[in-house]
Amino acid sequence: MTIIAHLLTSFIAAAGFGILFNAPRKSLIQCGLVGMLGWILYFILVQQGLDVVPATVFAAMLVGALSQICAKLYKTPIIIFIVSGIIPLVPGGSAYDAMRNFVENDYFTAVQLSAKVMLLSGGIAIGLMFSEVVNQTVRKLMWKKRSDAFK
């Protein structure tokens, strides 16, 4: 039952942020699906025992790849899918807990949580960047292959 709850809530969160960021109505379902699939990959990897930082990197890579596919298929800017799709992975709760611990003068816990937030945020950035690098490499190889065929 929990996996269904995760599927539903991550879809609603991603699609909801699509609405918030004025994504075209025709792309809201895709925004929700990108976010849902990214979150489910993260959830499954963590359930299998992988640490949260590598799980976040892999989930962000999936979000980036799916965003590129959706952008091409639906002829929509990629940023719409990336922003909406990455929202379920953003460590907002941990950032809030870190700030709350700073205010409560529990600096040891606050620094630990802040470091975790930084690692997770960096993991998101690395995953999206790696996805883009792979996409550009594949496109360059395909272009070279296509241009060699015409020679």
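Everything that follows concerns the structure shown earlier in this document.
Let me sum up the structure you'll find in this document.

1. Considering the nonpolar core
- Membership of the largest hydrophobic core comes to 25 residues, with the highest contact counts inside it found for Trp39, Tyr42, Ile86 and Leu89.
- Setting aside residues up to four positions removed in sequence, leucine 89 forms contacts with Gly38, Trp39, Tyr42, Thr56, Ala59, Ala60, Val63 and Ile124.

2. Brief notes about the packing of helix H1 (residues 2-20) against helix H2 (residues 28-47)
- Where H1 contacts H2, the two axes come as close as 7 Å, and the packing angle between them is 135°. The angle between the axes of H1 and H2 places the two elements in the oblique class. For the pair H1 and H2, the crossing hand works out as right-handed. In this structure, H1 uses Thr2, Ile3, His6, Leu7, Ser10, Phe11, Ala14, Ala15, Gly18 and Ile19 to contact H2, whose residues at the interface are Leu28, Ile29, Cys31, Gly32, Leu33, Gly35, Met36, Trp39, Ile40 and Phe43.
- A breakdown of the residues in the contact of H1 with H2 according to their chemical character gives 14 nonpolar, six polar and no charged.

3. Some words on the packing of aromatic side chains
- Applying the stated criterion across every chain yields a total of three aromatic pairs.
- Here the aromatic rings of phenylalanine 17 and phenylalanine 21 are separated by 5.9 Å at their centres, their planes lie at 35°, and the arrangement is tilted.
- Taking relative accessible area as the criterion, phenylalanine 21 reaches 47% and is therefore assigned partly exposed.
- When the ring of phenylalanine 102 is compared with that of tyrosine 107, the centres are 6.1 Å apart and the planes differ by 50°; the resulting orientation is tilted.
- By relative accessible area, which is 45% here, tyrosine 107 ends up partly exposed.

4. Some details on unusual backbone geometry
- Of note, asparagine 22 is a non-glycine position whose phi angle comes to about 60°, a positive value.
- Checked against the element boundaries, asparagine 22 lands in the loop between H1 and H2.
- The residue asparagine 105 is not glycine, and still its phi comes out positive at about 65°.
- By the secondary structure assignment, asparagine 105 is in the loop between helix H5 (92-103) and helix H6 (107-149).
- Its relative accessible area of 51% is what places asparagine 105 among the exposed residues.

5. Details of the side chain of threonine 56
- By the element assignment, threonine 56 lies in helix H3 (residues 52-74).
- On the basis of relative accessibility, which here comes to 1%, the residue threonine 56 falls in the buried class.
- What threonine 56 contacts, discounting residues up to four positions off in sequence, is Tyr42, Leu89, Leu120, Gly123 and Ile124.

6. Considerations on the side chain of threonine 76
- Looking at the secondary structure, you find threonine 76 in the loop between H3 and helix H4 (78-86).
- In contact with threonine 76, not counting residues within four places along its chain, are Pro24, Lys26, Ala71 and Phe81.

How each quantity is defined
Residues numbered from 1 in each chain as written. Predicted model: local features only at pLDDT ≥ 70, side-chain atom pairs only at ≥ 80, totals over all residues. Heavy atoms only, no water. Core = buried A, V, L, I, M, F, W, Y, C linked by side-chain atoms within 4.5 Å. Buried < 20%, exposed > 50% of the residue type's maximum accessible area, 1.4 Å probe, protein only. Contact = heavy atoms within 4.5 Å. Axes fitted to C-alpha atoms, helices over the stretch in contact; angles between N-to-C directions. Helix = DSSP H or I, 4+ residues; strand = E, 2+ residues; numbered from the N terminus. Parallel < 35°, antiparallel > 145°, perpendicular 65-115°, else oblique. Left-handed = near helix turned anticlockwise from the far one by under 90°. Nonpolar A, V, L, I, M, F, W, Y, C, P; charged D, E, K, R; others polar. Phe/Tyr/Trp six-rings, centres within 6.5 Å; stacked < 30°, edge-to-face > 60°.

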